[in-house]
Amino acid sequence: MILGNIVNGKGSVLPEPSIAPNIGFRRKRESTFLTHQASEVGYVHTCLTWILIGVSGFFLFLLWYASYSDQWGVHCSQQQQNTSNETVVISSGLSLDKAWTAAKWDHGIVLAVKSYSVLFESTSKFQDILVINNKALGPVLLLDGIPQTSSKDEAGYHEMIVHVPMSFLRKSSDEGRTSLRALVIGGGDGGSARELLRHPSVEEVVLCEIDPAVSQASKDWMETIWVHPYLEGLPLDADKRLRIVNEDAIEFLKTSVKYGELFDVIVVDASDPVGPGVALYQPSFYELLSSALRPGGAVSVQAGSWLYFKECFLIVYHRLRASFPTVRPYTCITQLYPGGFWNLMIATKSGEDPSIPDAQIIERIQVHKKKPLSWYSENTHRAAFVQPPVVLEMLASHPVPTMEELAVSISDVSLNYP
């Protein structure tokens, strides 16, 4: 190629410039750029990969942690429940924080009732009195930490312990005695007295409760119990037929027998054979019951449970048999008492069958529809006397336990271990 003067003005022919180095340089730069670009792409890809791995790992960690936390929460909850249950089971009665009360039925079997609030608390001359509120049972009355009755389930007990003997008595009233006298021994909550006041044939109801504080607590806090069945909105003691006597039941019976003040029906709504209550399980007490009862009369007695308190059940049965010609066990239903059922006894001085109900007397007390019966009926009366073969065999073959055996059975169950 001739550049001539175009290049240097001298007409010299300059050698043709070489363009190969420039091309190589460009290729080198392009190669370097591509290599650098590839390197950047690889770096970004690597970073993205690790980020994805990290994010995935983080989410996996969250899932694991959530699952672990739930399991741990359940575990902790179970541990707390176990701790609470152990506290309730080991200590029969009221827990230290008054949040639970427990009644031990047998070894490893216990009923625990939660206290959502304490309505009333007091210590009388005879015992600790407590009324708690439970969502399922309503107000619950406790004596020395043991549940006695509740607003929801008390009718199953009180209606059966009263109307079964009252049904038996109708023939006596038809034969000339239209004014019957009734006695309740114990029963300070008022439930048995309330059911007796349903009967227009009852002229007087004597409530013999040694501790007046029990009746007062029931009147103030167990309004569904201490309320008159017919006098709307009025308490039991608004009825002039009710007379409350605060004295020892045995001394009261002795005085009644001495002065000839006998009764047509006696309801023994007694406590368990613990402390002063032991006297109500002695032979002399049942002899007094027989002496204080008019001919043709009936006695109903709280008799424990053949399943959970066999010794108590047998003692009441045999003690009554020693003083009355006719004794029959029957059953009531209540949530608070062991197993959901409880045994009662009826004893009479005649040979008539007390398991046959009187439809007329049931109709008579059902007239007041504002306060109808909840549990007692002609059918429940008949059904209550049906006992399984194991009970009949027990009554026929087991001798009367001694008071020492009774005390051992009660203390054995009451020991502070599950």
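Bear in mind that the values here come from a model prediction, so they are computed numbers and not experimental data. Once a new chain begins, its residue numbering starts again from 1 and follows that chain's sequence as written. The model is predicted, so local features are restricted to residues of pLDDT at least 70 and side-chain atom pairs to those at 80 or more, both for listing and for counting; the totals for chains, interfaces and linings are taken over all residues. Side-chain descriptors were evaluated using all non-hydrogen atoms of the structure, hydrogens and water having been removed beforehand.

As for the overall build of the protein chain
Here comes step 1: Secondary structure elements are defined from DSSP: runs of H or I of at least 4 residues count as helices, runs of E of at least 2 residues count as strands, and each element is numbered from the N terminus. Within the protein chain, the secondary structure is distributed over twelve helices and 14 strands.
Here comes step 2: Using a 1.4 Å probe on the protein chains alone, a residue whose accessible area is under 20% of its type maximum counts as buried, one over 50% counts as exposed, and one in between counts as partly exposed. Taking all 418 residues of the protein chain together, the buried fraction comes to 43%.
Here comes step 3: In the protein chain, of all internal contacts separated by at least 6 residues, the share reaching a separation of at least 24 is 67%.
Here comes step 4: Summed over all atoms, the accessible surface of the protein chain reaches about 21,800 Å², with 59% contributed by carbon and sulfur. We call two residues contacting when some pair of their heavy atoms lies within 4.5 Å. Under the convention used here, a 1.4 Å probe and the Shrake-Rupley method define accessible areas, while residue burial counts only the protein chains that appear.

Some words on the pattern of salt bridges
Side chains carrying opposite charge are able to pair once their charged atoms draw close together.
Here comes step 1: For this document, the term salt bridge refers to a Lys or Arg side-chain nitrogen within 4 Å of an Asp or Glu carboxyl oxygen. Taken as a whole, this structure holds twelve salt bridges when the rule is applied.
Here comes step 2: Here R194 ties to E195 by a salt bridge, and the two come within 2.9 Å at their closest N and O atoms. In this structure, R194 and E195 share a single accessibility class: buried.
Here comes step 3: One continuous salt-bridge network, built from bridges that share partners, spans E154, R194, E195 and R198.

A few points about empty space enclosed by the protein
Here comes step 1: Cavities and pockets are found on a 1 Å grid laid over the protein atoms alone: a cavity is a set of points where a 1.4 Å probe fits but cannot escape, a pocket is an open set with protein on both sides within 12 Å along at least five of seven lines, and a lining residue has an atom within 4 Å of such a point. Grid points are joined across faces, edges and corners, and a volume is the space filled by probe spheres set on the points. In this structure the tally under the stated criterion is one cavity of 30 Å³ or more.
Here comes step 2: In this structure, the largest cavity occupies an estimated 40 Å³ of space.
Here comes step 3: Along the walls of the largest cavity sit Q148, T149, D153, E154, Y157, H158, T334, L336 and Y337, which together make up its complete lining.
Here comes step 4: At the level of secondary structure, the elements contributing two or more residues to the lining of the largest cavity comprise β7 (146–150) and α2 (154–168).
Here comes step 5: Looking at the lining of the largest cavity element by element, the count peaks at three residues for α2.
Here comes step 6: Residues were grouped as follows: Ala, Val, Leu, Ile, Met, Phe, Trp, Tyr, Cys and Pro as nonpolar; Asp, Glu, Lys and Arg as charged; and all remaining residues, including Gly, as polar. Its residues placed into classes, the lining of the largest cavity shows three nonpolar, four polar and two charged.

Some points on the pairing of strand β10 (residues 242–245)
Along any regular strand, the residues point their side chains to alternate faces of the sheet.
Here comes step 1: Between any two strands, pairing holds if DSSP finds at least two bridges. Pairing of strand β9 (residues 202–208) with β10 involves four bridges; the strand directions are parallel. Across the sheet, residue C208 finds its bridge partner in β10, namely V245.
Here comes step 2: Look down the strands so they point away from you; if the path from the first strand over the helix to the second goes clockwise, the crossover is right-handed. A crossover links β9 with its parallel partner β10, the connecting element being helix α5 (residues 212–221), and its sense is right-handed.

Points about the nonpolar core
Here comes step 1: The biggest cluster of nonpolar side chains holds 90 residues, and the ones touching the most others in it are I266 and L289.
Here comes step 2: Other than its neighbours up to four places away in sequence, I266 contacts L183, I185, L289, A292, L293, A298, V299 and S300. The term nonpolar core refers to a set of buried residues drawn from Ala, Val, Leu, Ile, Met, Phe, Trp, Tyr and Cys, joined through side-chain atoms within 4.5 Å.

Examining the environment of L119
Here comes step 1: Residue placement: L119 occurs in strand β4 (residues 117–123).
Here comes step 2: When neighbours within four sequence positions are excluded, L119 is seen to be in contact with V131, I132, N133, P139 and W221.

Points about the pairing of β7
Here comes step 1: Relative to β7, strand β6 (residues 138–143) runs antiparallel, the two being bridged by four bridges. Note on β7: the bridge partner recorded for V140 is S150.
Here comes step 2: Connecting β6 to the antiparallel partner β7 that follows it, the hairpin turn spans two residues, and D144 within it adopts a positive phi of roughly 55°.

Let's talk about the packing of helix α8 (residues 310–323) against helix α11 (residues 389–397)
How two helices pack is summed up by the angle between their axes together with the distance between the axes.
Here comes step 1: Lines fitted to the C-alpha atoms define the axes, with helices restricted to the stretch that makes contact. Angles between their N-to-C directions range from 0 to 180 degrees. Here α8 crosses α11 at 60°, and the two axes come no closer than 10 Å. On the basis of the axis angle, α8 is oblique to α11. Crossing of α8 over α11 shows right-handed handedness. Contacts from K310, F313, L314, Y317 and H318 in α8 reach V391, M394 and L395 in α11.
Here comes step 2: Class assignment for the residues of the contact of α8 with α11 results in six nonpolar, one polar and one charged. Here is the rule for angles: anything less than 35 degrees is roughly parallel, anything more than 145 is roughly antiparallel, 65 through 115 is roughly perpendicular, and the remaining ranges are oblique. Helix crossings fall into two classes, left-handed where the near helix is turned counterclockwise from the far one by less than a right angle and right-handed where it is turned clockwise.

Here's the deal with the sheet that holds β9
Across a sheet, paired strands are connected by hydrogen bonds in the backbone, their directions being either parallel or antiparallel.
Here comes step 1: Taking strand neighbours across the sheet as the criterion, the seven strands line up as β10-β9-β8-β11-β12-β14-β13 in an open arrangement whose pairing is mixed. With one partner strand each, in any of the chains shown, β10 and β13 (326–333) form the two edges of the open sheet. Taken pair by pair, the neighbouring strands of this sheet meet at an average axis angle of 20°, ignoring direction.
Here comes step 2: Against the sheet, α2 makes contact with β8 (180–186), β9, β11 (263–269), β12 (293–302), β13 and β14 (341–348), and its axis sits at roughly 150° relative to β13, the strand it touches most.
Here comes step 3: Sheet strands touched by α8: β12, β13 and β14. Its angle to β14, the strand with the most contacts, is close to 5°.

Everything listed here is a matter of geometry and, on its own, says nothing about what the molecule does.
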